[in-house]
Protein chains: 2
Amino acid sequence: MYKESRKMPKSAEDSKKRMSGEQRKAQIVTVAMQLFAEEGFKGTTTREIARRAGISEAVIFKHFSKKEDLYNAIIDQCCNDGGGESRLLKLLKQKQGREVFSEVAMFLITEHQNDSTFLKLLTYSALEKHTLSDIFIKTKAMELIEFLVSHIKSLMDEGVFRKADHELAARAFLGMVLHFNIAQELYGLKKTFKRQNSDVVDTFVDIFFDGMKRR
Amino acid sequence: MYKESRKMPKSAEDSKKRMSGEQRKAQIVTVAMQLFAEEGFKGTTTREIARRAGISEAVIFKHFSKKEDLYNAIIDQCCNDGGGESRLLKLLKQKQGREVFSEVAMFLITEHQNDSTFLKLLTYSALEKHTLSDIFIKTKAMELIEFLVSHIKSLMDEGVFRKADHELAARAFLGMVLHFNIAQELYGLKKTFKRQNSDVVDTFVDIFFDGMKRR
DNA sequence: TGTATTATAGTAAGCACTTACTTACCTTTT
DNA sequence: AAAAGGTAAGTAAGTGCTTACTATAATACA
């Protein structure tokens, strides 16, 4: 074939030169994750993954026995980062009271604004009933919920918050923030509904804090 | 062919006898909507729609020029119900203050518990960037948000609520409720997280009302 | 009322293309 | 020379859609 005729997507610039096996595998997973986020598992073809990675389809099957294994490999990249705290929990060290909630809200809002790939991938995997979403919920999501729950408990013990179902309270808070992201990023509300991130965070944290305060 | 050999899914009992054209069209749309909710547009084949409807594939193309037109027909069934208020807005007539929010929360929670088909369909269509989600957001969803916004404005004017961004406040409230549904129904949290609907509604409405009250 | 005709609903078989995946071989690097 | 990375061509099965025909119900007429 004539290499000159081959369209070379920018993202595959470095596939012009040969990669090591490990590098190529990691690249395929990255590209696949983007496509699975855009189109879902069934909507993504191995042909399109190869095209976007700048390789032939057969290379994919040198690294993964089947398409499903490639999807599963994403789990290793994002959920099983072997020990080590998440970036968010690191951020929350030394934070107290209201600042914890502000930090969580700001982190989640800016994280998804900067890159909604993972939000979309997670949503697709929940709909497609893939283990990825199960594993994510059981690890990362529960980690955050449990952290918030223990923080809410402390605030109740200190008399700052009134007695209430702390798991429901944590869900209420996260629900405001995460649904805001879902509506803005997945449903396209960000085109018409524009607010400063700090205003959004302040409003949600105000509602939550004032709503939970002892009466 | 031998009728005896044909598998007759229960849902297609009445396709044993011929339907009128209009009846069949409506049945195909209903079955297709269920499948599009389960598998998404790309994950649903016209073969599977026909199988579930108990007809041959060619019948689908007697009523719809292509698969995409069948998907679009769902819009007619659920978003363009010609004038007439939604069931929820009817429920909210004569309701005041806190009762409005309780009613909205209870309606949305029980609606999705009873049948999460539409929630899944809408989520898939947002991810797949289909006009269905656009149209739903611009009609039904905005109708509810605007109703809540005007109600929140009234409460602010009456001095019950403090001055705040009423659109953000409406989003905060709906976010708690809708994300609760998403987590329970799509992410499978309902298997491990069980609460009385009334407790969930009370907690969310308490947080919102106390959070919005004048200080 | 029975029969022939017409209209309508439905099917079997097929088409062109796409899909996930394989294989035998080529090219480049060590 | 051997190992490793990569490709062109191919396979069997699946996909959206079409076509020529069949089956059934409704209607007209004797």
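Residues numbered from 1 in each chain as written. Chains lettered and ligands numbered in written order. Predicted model: local features only at pLDDT ≥ 70, side-chain atom pairs only at ≥ 80, totals over all residues. Heavy atoms only, no water.

(A) Structural context of the overall build of chain A. In terms of helices and strands, chain A carries 10 helices and 0 strands. Along chain A, helices and strands appear, N-terminal first, in the series α-α-α-α-α-α-α-α-α-α. Out of the 215 residues in chain A, the part that is buried amounts to 50%. Within chain A, residue pairs in contact and separated by at least 24 positions form 70% of the contacts whose partners lie at least 6 positions apart. In the structure as shown, chain A presents an accessible area of about 11,100 Å², 51% of it carried by carbon and sulfur atoms. (Helix = DSSP H or I, 4+ residues; strand = E, 2+ residues; numbered from the N terminus. Buried < 20%, exposed > 50% of the residue type's maximum accessible area, 1.4 Å probe, protein only. Contact = heavy atoms within 4.5 Å. Areas by Shrake-Rupley, 256 points an atom, 1.4 Å probe, with all protein chains shown as cover.)

(B) Examining the interface of chain B and chain A more closely. Facing the 45 residues of chain B at the interface are 45 residues of chain A. Between chain B and chain A, roughly 4,100 Å² of surface is buried when both sides are summed, and carbon and sulfur atoms account for 64% of that area. It is L127, R171 and Y187 of chain B that lose the most area in chain B upon contact with chain A, and together they represent 19% of the buried surface on that side. Inspection of the chain B/chain A interface yields 8 salt bridges. The salt bridge involving R162 of chain B is made with D210 of chain A; its shortest N-O contact spans 3.9 Å. Listed by contribution, the elements that provide at least two residues to the side of chain B that touches chain A are α1 (21-43), α7 (117-127), α8 (131-157), α9 (166-186) and α10 (197-212) of chain B. In terms of residue count, the dominant contributor to the side of chain B that touches chain A is α9 of chain B (14 residues). Here the residues of the side of chain B that touches chain A sort into 22 nonpolar, 8 polar and 15 charged. (Buried area = accessible area lost by both parts, 1.4 Å probe. Salt bridge = Lys/Arg side-chain N within 4 Å of Asp/Glu carboxyl O. Nonpolar A, V, L, I, M, F, W, Y, C, P; charged D, E, K, R; others polar.)

(C) Structural view of the environment of L174 of chain B. All names here are of chain B. Along the chain, the position of L174 falls in helix α9. In this structure L174 comes out as buried when scored by relative accessible area, which is 7%. Sequence separation between L174 and I145 is 29 residues, and the spatial gap between their C-alpha atoms is 8.3 Å. In this view, L174 contacts V104, L108, L144, I145, L148 and H179; residues no more than four positions away in its chain are not counted.

(D) Examining the nonpolar core more closely. With 75 residues, the main nonpolar core has F36, I49 and L70 of chain A together with F36, I49, L70 and L121 of chain B as its most contacted residues. By size, the runner-up hydrophobic cluster in this structure holds 72 residues, among which are V104 and I145 of chain A together with L88 and L174 of chain B. (Core = buried A, V, L, I, M, F, W, Y, C linked by side-chain atoms within 4.5 Å.)

(E) Examining the packing of aromatic side chains more closely. Residue and element names in this part refer to chain A. In this structure the tally under the stated criterion is 27 aromatic pairs over all chains. Relative to F41, the ring of F36 has its centre 5.7 Å away and its plane inclined at 25°; by these criteria the two rings are stacked. Note on accessibility: F36 and F41 belong to one class, buried. Among the aromatic residues, those joined into a ring-pair cluster are F101, F161, F173, F208 and F209. (Phe/Tyr/Trp six-rings, centres within 6.5 Å; stacked < 30°, edge-to-face > 60°.)

(F) Quick look at helix α6 (residues 97-114) of chain A. Residues and elements named next belong to chain A. An ideal rise of 1.5 Å per residue puts 26 Å on 18 residues; α6 measures up with 27 Å between its terminal C-alpha atoms. Inspection of α6 places G97, V100, F101, S102, V104, A105, F107, L108, I109 and H112 among the buried residues, and these make up the whole buried set. Contacts from the buried residues of α6 go to α5 (87-92), α7 (117-127), α8 (131-157), α9 (166-186) and α10 (197-212). (Expected span 1.5 Å × (residues − 1).)

(G) Molecular detail of the relation of the copies chain B and chain A. Relative to chain A, chain B is turned by 180° and slid 0.0 Å along the rotation axis, the superposed coordinates differing by an RMSD of 0.1 Å. This pairing of chains is accounted for by a two-fold axis. Residue G211 of chain B of chain B places its C-alpha closer to the rotation axis than any other residue of that unit, at 1.8 Å. Here 100% of the interface residues in chain B have copies in chain A that are interface residues too; the copies meet face to matching face. (Least-squares fit on C-alpha atoms with pLDDT ≥ 70 in both.)

(H) Structural detail: unusual backbone geometry. All names here are of chain A. Backbone geometry at Q94 places phi at a positive 65°, although glycine is not the residue there. Here Q94 lies in the loop between α5 and α6. Owing to a relative accessible area of 75%, Q94 belongs among the exposed residues under this scheme. Located in the positive-phi region is K129, a residue other than glycine, with phi close to 55°.

(I) Fine view of the packing of α6 of chain A against α9 of chain A. All names here are of chain A. Two elements in contact, α6 and α9, have axes whose closest approach is 10 Å; the angle formed by their N-to-C orientations is 15°. When the axes of α6 and α9 are compared, the pair comes out roughly parallel. Judged by the sense of rotation from one axis to the other, the crossing of α6 with α9 is right-handed. Residue-level contacts link F101, V104, A105, L108, I109, H112 and Q113 of α6 to F173, L174, V177, L178, F180, N181 and E185 of α9. Across the contact of α6 with α9, the residue classes break down as 10 nonpolar, 3 polar and 1 charged. (Axes fitted to C-alpha atoms, helices over the stretch in contact; angles between N-to-C directions. Parallel < 35°, antiparallel > 145°, perpendicular 65-115°, else oblique. Left-handed = near helix turned anticlockwise from the far one by under 90°.)

(J) Local environment of the side chain of H130 of chain A. Residue and element names in this part refer to chain A. Mapped onto the elements, H130 comes out in the loop between α7 and α8. A residue is classified by how much of its surface remains accessible, and H130, at 10% relative accessible area, is buried. Dropping the residues within four chain positions of it, H130 is found in contact with E68, Y71, N72, I75 and S125.

(K) Inspection of α10 of chain A at higher detail. An ideal rise of 1.5 Å per residue puts 22 Å on 16 residues; α10 of chain A measures up with 22 Å between its terminal C-alpha atoms. Counted residue by residue, α10 of chain A has 13 buried out of 16 residues, so it is predominantly covered.

(L) Quick peek at the packing of α6 of chain A against α8 of chain A. All names here are of chain A. In contact at an axis separation of 10 Å, α6 and α8 are set at 160° when each is read in the N-to-C sense. Between α6 and α8, the interaxial angle falls into the category roughly antiparallel. Here α6 runs over α8; the crossing is left-handed. On α8, the residues touching G97, V100, F101, V104 and L108 of α6 are L144, F147, L148, H151, I152 and L155. Considered class by class, the residues forming the contact of α6 with α8 number 9 nonpolar, 2 polar and no charged.

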